[in-house]
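Here are the chains, one letter per residue:
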Amino acid sequence: MDMKIITGILTVAVLFSGLAAVRASGNGGIFPYAFEERVLDNGLKIVAIPMDSPGQVAYYSIVRTGSRDEYEPGHTGFAHFFEHMMFRGTETYPGPVYDQLVTKMGADANAYTSNDVTCYHLKFAAQDLEKVMELESDRFQNLSYSEQVFKTEAGAVYGEYLKGLSSPFSVLYEKLMDTAFDKHTYKHTTIGFGEDVKAMPTMYEYSKTFFDRYYRPENVILLIVGDIKPGKVFSLAGKYYGGWEKGYVPPQIPEEPEQKAERRAHVTFDGKTLPIMAVGYKGLAFDPESIPMAACMLAGDLIFGSTSDIYKKLVLDQQRVQFISADFGPSRDPGLMVVFAMIKDEGDISGVEKEIYRAIEKVQKNRVDEDRLNALKSNMKYSFLMGLDTPGNVAGRLARIIAMSGDIRALDRLYASLDQVTADDIQDAAKRFLVKDKRTVIILKGR
Amino acid sequence: MKGIATMVVMIAVLILGSLVMVSCDSENGIQTITLPVDSDPTVAFRIWFKVGSQNDPQGKEGLAALTAALMTDGSTENRRYSEILEALYPMAAGYGASVDKEMTVITGRVHKDHLDTYLDLLTDAILHPAFLEEDFNRIKTNTLNFLEKTMRYSNDEMFGKETFYRMIFQGTPYGHPEAGLIESVRSITLDHVKQFYQTYFTRDNVITGVGGGYEKPLIQDLKNRLSALPPKVVPPVPPPDIRPLEGQHVTLVQKNTCSTAISFGFPIDVKRGDRDFYALWLANSWLGEHRNSSSHLYQVIRETRGLNYGDYSYIEVFPNGWARQFPPVNVARRRQIFEVWIRPVPNEAAHFSLRAAVREIQKLIDNGMSPEDFELTREFLKKYILHYAPTTSTRLGYKMDDHFYGIKDHLKTMEKTLDKLTLEEVNEAIRRHLQTENMAIVMITDNARKLSRALVNNTPSPLEYSTPKPPEVLEEDKEIAVYPLNIRAGNVTIIPADEMFLK
């Protein structure tokens, strides 16, 4: 809880970044904007979305590589590390020159990394589009950094890792993924295992291999939204990205064996905190046409959201937890659907855990109320539409789904699936996925 | 290719002074600031009560925040809280309260489709909070957990900043976190909350803000509804009378941690609308633009030396910097501070990092900005401010802050002033307002006693890099490692984390 900013109920819908399940009327899909798409000969896909946003452009370079792609032991954390290295420049535009040019443009430039994606984004004035494209295409094709610079940046990344240790949620999540997965690379979190992050300065040569494999046109999608003309965007893309050589080498990600029994672990946070519990269930890989996957996505909010029975009981009436929430959003490979709860009394941890299972059993035995399902669909529709207010927000909301699927059309397909989900589908999903043998339970306590 | 958009989207013009109408009137006794944006399919509300944590009675610190939270996170006389959640849910709408030192703003946003229903809920929360014991217990417990555990043990950066603000403002109405102090919050009863509500949530103490695609009658409707608040003029709180800092004062908060979070700075007599504000804003952008690699401190500490994740400076309060990219709205204050935020560095690099940052500020004072840096920063800011207020709600927030500061249009003034500023003017403002002799310094660290001795004795603090560095960096490091701070033994306080924010 962050007391300073907002107390209240500003954002009721947090499920999968506000994507909506109900179609906007008239055009056959939820997404209200026209878009155009081109694929260059080298495989680079460019999606252009003109939008009434005078003078503004959001430019997202979506690299379909995240910590998921770090399959070699001892080399976790490199996707995120590259997020840092990409700001170190090229021979044509060395880091300080790149920084100066971006500064002159007054661009809001940043990047983020998750399990499935590394995303570089800039927001800037429309007149700077060509310069941005020149700079971005240059660093994606010609990134160049010395070993010394590499090692210095590794220090900054280790600092980021240490910063994360001061949050009990980071500690909990790291333990959850490590316990739930045996083989698949979701076993480690995006920042990487601590010992790997610490050892990064010794891996200069490997870093070049990583870049060479994954920073290739077939693995990148440009998403450009705002005050743009698609024809001009494609012509510039051809000019600046056309020479980028193919060469993507897919990662050899081990398949996770089926989980056949519950897993449990405890972890201690080196500080004071109320106990926090995470209950994670193995889910399905992202497939926009999968009704079971769509049903799982909806089930999280129906069972644990702010209008659920368990929320009313544990948060409002009995006040046994500070919060309970669910993140059942999909991932590119089968990931985890997780319920989090912060428990007020350490003696009540097992009691709260039982309440979580009871809430699931209730949905397994009885179909969810149709009105609640419809309210959720309405919630998602309005959450989605209200979130499309700036080019940056439009691009930000699309980036994840494009990263998982490689195709903006997956958005409409997913929402068509979500729209079709029935109470029976929710019940089936709960019976199939929210079961003891597929779950991992982590309990974090403070010192 | 998809069909044409069916949903009209909200306009996203950034600086829209010429296209939007801002009105402020006091008809019905209630002042209103409006920002109509016809193409926006949503309506944004900012209901500002002129009350904040500065109004917390002594011994009841946290009362303003608890009261506001009970209004927006609790039941009303007409609806249980669970019913409110259910009613808001299909609209994907909500409202909440932001409490700062001087302002309490109830914010919300809804799609036009649901405006009537939403307005009922929003005004019900403001006019008829039920103040139920069960809601009070829930929110008070959450607040105590935040103060006792989250702030002290889950976010050293927030902990450091709050400790720093407390050092600067102790003994004044600004001197405690908005969430309160632990013993004070424990002592607050529901009666205190009810009394606070009656005192401050009055018709004469509210300014309403509405923006977006609403129809004109909405404004009168809202004013009519809020006119049910009791009339009562609230006496203003005098601005905080800050005890001047003499020398460099250090608070070392002892806790088990592998990295040290650092915040330091001093009060400044500059605020929006002042001539020097805009000059200092430009200088500060060069020195430490928030979460931007253009920040000079970032370049020195992170980029060149890899010591941490970022290093920034501020001339206005910037709460929750780790969670936001651009300045917040509705945290307007009559007293501001110059603040440096050094994100956690390894404990062994803490002394060095502090020296490096203080040295850079002193260099800026001594040498001023170079013509090249001045021009680059001016060019940067001309476009960068376009990102400050991308949405209707944020622009509405700026308009309300303009009202607080008694200025016309801050965003536009910033834009216009950039063209007029000269390097001389900026360098004069730096010399007038920045200094390094009198500062408050906070470090959340592991071995406070050892660090204290090193600080007081000006013990050299050379860094040992695990990786090679260019010769020019190593040369500069030699200067930084012995850069003299002026910290007297009597000016260092060591306090265990557990003892912070108790009372």
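All figures in this text were calculated on a predicted structure; none of them were measured in a lab.

Definitions and limits used
Residues numbered from 1 in each chain as written. Chains lettered and ligands numbered in written order. Predicted model: local features only at pLDDT ≥ 70, side-chain atom pairs only at ≥ 80, totals over all residues. Helix = DSSP H or I, 4+ residues; strand = E, 2+ residues; numbered from the N terminus. Rg over C-alpha atoms; globule rule 2.2 N^0.38 Å. Buried ≥ 20, exposed ≤ 12 C-beta atoms within 10 Å, placed from the backbone. Contact = placed C-beta atoms within 7 Å. Core = buried A, V, L, I, M, F, W, Y, C linked by C-beta atoms within 7 Å. Axes fitted to C-alpha atoms, helices over the stretch in contact; angles between N-to-C directions. Parallel < 35°, antiparallel > 145°, perpendicular 65-115°, else oblique. Nonpolar A, V, L, I, M, F, W, Y, C, P; charged D, E, K, R; others polar. pLDDT = per-residue confidence, 0-100. Pairing = 2+ DSSP bridges. Domains from an automatic or database assignment.

**Q** Would you mind showing me how to read the overall build of chain A here?
**A** In terms of regular secondary structure, chain A is built from 15 helices and 12 strands. For 447 residues, the compact-globule formula gives about 22 Å, and the C-alpha radius of gyration of chain A, at 22 Å, lands near that figure. Each principal axis of the C-alpha atoms in chain A carries an extent, and together these give about 60 × 55 × 45 Å. Of all 447 residues assigned to chain A, the portion counted as buried reaches 56%. Contacts in chain A between residues far apart in sequence, at least 24 positions, make up 82% of those at least 6 positions apart.

**Q** What is the right way to look at the overall build of chain B in this model?
**A** When you go through chain B residue by residue, the secondary structure sums to 17 helices and 12 strands. Taking 23 Å as the expected radius of gyration for a compact globule of 503 residues, we find that chain B reaches 24 Å, a close match to that expectation. Across the 503 residues of chain B, 55% fall into the buried class. A sequence separation of at least 24 residues applies to 82% of the contacts in chain B between residues at least 6 apart.

**Q** Is there a simple way to think about the nonpolar core in this case?
**A** Soluble globular proteins: nonpolar side chains tend toward being buried together. All names here are of chain A. With 290 residues, the main nonpolar core has Ile62, Leu223 and Ala299 as its most contacted residues. With 10 residues, the single largest contributor to this core is helix α9 (residues 291-304). Apart from the residues lying within four places of it in its own chain, the contact partners of leucine 223 are Val47, Tyr60, Ile62, Ala395, Leu398, Ala399 and Ile402.

**Q** Would you mind going over the packing of helix α1 (residues 78-85) of chain A against helix α7 (residues 204-214) of chain A with me for this structure?
**A** The relative placement of two packed helices is expressed as an angle between their axes plus a distance between the axes. All names here are of chain A. Put simply, α1 and α7 touch, their axes get as near as 11 Å, and they point 90° apart. Looking at the two axes, α1 sits roughly perpendicular to α7. Residue-level contacts link Phe78, Phe82 and Met85 of α1 to Ser207, Phe210 and Phe211 of α7. A breakdown of the residues in the contact of α1 with α7 according to their chemical character gives five nonpolar, one polar and no charged.

**Q** Looking at this model, I keep getting lost on the confidence of the model for chain B. Mind explaining?
**A** Parts of the model with low pLDDT should not have their predicted coordinates read in detail. All names here are of chain B. On average, residues of chain B score 93 in pLDDT, and 94% of them are at 70 or above. Predicted confidence for residues 1-22 stays below pLDDT 50, and this span has 69 contacts to residues more than four positions away or in other chains. If you check the scores for this complex, the pTM reads 0.91 and the ipTM reads 0.89.

**Q** Teacher, can you tell me more about the sheet that holds strand β9 (residues 276-282) of chain A here?
**A** By definition, the strands of a sheet pair up through backbone hydrogen bonds, in either a parallel or an antiparallel sense. Residues and elements named next belong to chain A. Taking strand neighbours across the sheet as the criterion, the five strands line up as β8-β12-β9-β11-β10 in an open arrangement whose pairing is mixed. Both outer strands of the open sheet, β8 (263-269) and β10 (321-327), are each paired with one neighbouring strand and no more. On average, adjacent strands in this sheet sit at an angle of 15° to one another, irrespective of strand direction. Two strands pair when backbone bridges link them, and β10 and strand β11 (residues 336-343) are joined in this way by six bridges, in the antiparallel orientation. Each residue of the ladder has a partner; that of aspartate 327, found in β11, is valine 338.

**Q** Please explain the domain arrangement of chain B as it appears in this structure.
**A** Residues and elements named next belong to chain B. When cut into domains, chain B gives domain 1 (23-226) and domain 2 (248-499). For domain 1 versus domain 2, the separation of C-alpha centres amounts to 30 Å. At the level of secondary structure, the elements contributing two or more residues to the side of domain 1 that touches domain 2 comprise β2 (31-36), β3 (42-49), β5 (104-111), α5 (156-169) and β6 (206-212). If one sorts the elements of the side of domain 1 that touches domain 2 by residue count, α5 sits on top with nine residues. Here the residues of the side of domain 1 that touches domain 2 sort into 14 nonpolar, six polar and 10 charged.

**Q** So what exactly am I meant to see when it comes to the sheet that holds strand β4 (residues 56-63) of chain A here?
**A** Residues and elements named next belong to chain A. Read from one edge of the open sheet, six strands run β2-β3-β7-β4-β6-β5, paired in mixed fashion. With partners counted over all chains shown, the strands left at the sheet margins are β2 (36-39) and β5 (108-113), one partner each. Neighbour to neighbour, the strand axes of the sheet diverge by 15° on average, direction disregarded. In this structure, β5 lies alongside strand β6 (residues 118-125), joined through six bridges in antiparallel fashion. Within the sheet, the bridge partner assigned to threonine 113 lies in β6 and is threonine 118. Its contacts with the sheet place helix α13 (residues 391-405) against β3 (45-50), β4, β6 and β7 (220-226), and it is angled at close to 15° to β4.

**Q** Would you mind going over the interface of chain B and chain A with me for this structure?
**A** How large an interface is tends to be reported as the accessible area lost when its parts come together. In this assembly, 84 residues from chain B lie in contact with 78 residues from chain A. Ranked by the residues each element gives to the side of chain B that touches chain A, the list is headed by helix α4 (residues 133-153) of chain B, at 11 residues.

**Q** What am I meant to see in unusual backbone geometry here?
**A** As a rule of thumb, non-glycine residues mostly have phi less than zero, and peptide bonds are mostly trans rather than cis. The backbone phi angle of A:Gln319 is positive, close to 50°, even though this residue is not glycine. Here A:Gln319 is to be found in the loop between α10 (309-317) and β10. With 16 C-beta atoms packed within 10 Å, A:Gln319 lands in the partly exposed category. The phi dihedral of B:Asn458 is positive, around 50°, even though this residue is not glycine. For B:Asn458, the location among the structural elements is in the loop between α16 (448-456) and α17 (471-481). Classification of B:Asn458 as partly exposed rests on a count of 15 C-beta atoms within 10 Å.

**Q** What is the right way to look at the domain arrangement of chain A in this model?
**A** All names here are of chain A. Partitioning chain A into domains gives domain 1 (32-241) and domain 2 (263-446). Computed from C-alpha atoms alone, the centre-to-centre distance between domain 1 and domain 2 is 28 Å. With 33 residues of domain 1 in contact, the opposing surface of domain 2 contributes 31 residues. Counting residues per element, the ones that place at least two in the side of domain 1 that touches domain 2 are β3, β4, β6, α5 (168-180) and β7. Counting residues per element, the side of domain 1 that touches domain 2 draws most heavily on α5, which supplies seven residues.

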